[in-house]
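# Per-entry structural report
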Amino acid sequence: MSRRYWLMKCEPDAYTIADLERDGRTSWEGVRNYQARNFMRDQMQVGDGVLFYASNASPSGVTGLAEIVRPGYPDHSAFVPGHDYYDPASARDTPTWFMVDIGFVERFPSTVPLDVLKRTAGLEDMMVTRKGSRLSVQPVTRAEYDIVVALGRAAG
């Protein structure tokens, strides 16, 4: 199977690219959107590229790169009563929610802001640049990934 590419959003008060750089890898738990869940459960594979996106930040944008280091598996936080992501309808033998693990690849010198993404040729169809797009896990094309990587490396 060929390598795929993704954009994964996280709010800086929850986790940042600097946290991932420090930790080396992390689980991407707590996604509670069925479309995003399906991407993680059914499509993400080890080695897939990830654009790490800081959402609700100042500025919001891509802060670095990660890769999938463990494909989709049941999100254990759904089974823990009292946990922020607990879901009593999700059972261990028939889990509703899934997560992946990502590993650190690169931290950009500065954020590639959303407004730059929106005005960059070749990114017009990128999901994150569309008005009202709030999905926390999004597919991106190889061409879009390469453009954003070039922007990120030039940002310094």
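This text goes with the structure placed above it.
In this text, all values refer to a predicted model and were calculated from it rather than measured experimentally.

## Observations concerning unusual backbone geometry
Cis geometry is found at the peptide bond from S58 to P59, where omega equals 5°. Along the chain, the position of P59 falls in the loop between β3 (49–54) and β4 (61–74). One non-glycine residue, N56, lies in positive phi territory at about 50°. Take N56: it is sitting in the loop between β3 and β4. Under the relative-accessibility criterion, N56 is labelled exposed at 59%.

## As for helix α4 (residues 142–154)
With 13 residues, α4 extends 18 Å from end C-alpha to end C-alpha; this agrees with the ideal 18 Å at 1.5 Å per step. Taken residue by residue, α4 has E144, Y145, V148, V149 and G152 as its buried positions. Each buried residue of α4 sits inside an arc of 135° when the element is viewed along its axis, so together they form one side. α4 presents R153 and A154 as exposed residues on the side facing more than 90 degrees away from its buried surface. On its buried face, α4 is in contact with β1 (5–10), β3, β4, β5 (98–113), α3 (114–118) and β6 (137–140).

## Section: the pairing of β1
Burial analysis of β1 places six of its six residues in the buried class, which makes it a mostly covered element. Of the two faces of β1, the one holding Y5, L7 and K9 and the one holding W6, M8 and C10 are both buried throughout. Strand direction decides the pairing type here: β1 and β3, joined by six bridges, are parallel. In the strand pairing of β3, K9 is matched with Y53. Note that β1 and β6 share four bridges and pair antiparallel. From the neighbouring strand, W6 faces β6, where its bridge partner is P139.

## Points about the nonpolar core
If you look at the biggest cluster of nonpolar residues, it comprises 21 residues, and the most contacted ones within it are M8, W28, M44, F52, V100, I102 and V137. Mapped by element, the contributors of at least two residues to this core are β1, α1 (17–23), α2 (34–43), β3, β4 and β5. Beyond its immediate chain neighbours, meaning those up to four positions away, V137 contacts W6, L7, M8, W28, V31, A36, F39, M40 and M44. With 17 residues, the next largest nonpolar core counts L7, L51, V116 and L123 among its residues.

## Quick word on the pairing of β3
For β3, the tally of buried residues reaches six of six residues, placing the bulk of the element in the interior. Burial of the side chains of β3 extends over both faces: G49, L51 and Y53 are buried on one face and V50, F52 and A54 on the other.

Reading the values: rules and limits
Residues numbered from 1 in each chain as written. Predicted model: local features only at pLDDT ≥ 70, side-chain atom pairs only at ≥ 80, totals over all residues. Heavy atoms only, no water. Helix = DSSP H or I, 4+ residues; strand = E, 2+ residues; numbered from the N terminus. Buried < 20%, exposed > 50% of the residue type's maximum accessible area, 1.4 Å probe, protein only. Expected span 1.5 Å × (residues − 1). Arc of directions from axis to C-beta. Contact = heavy atoms within 4.5 Å. Pairing = 2+ DSSP bridges. Core = buried A, V, L, I, M, F, W, Y, C linked by side-chain atoms within 4.5 Å.

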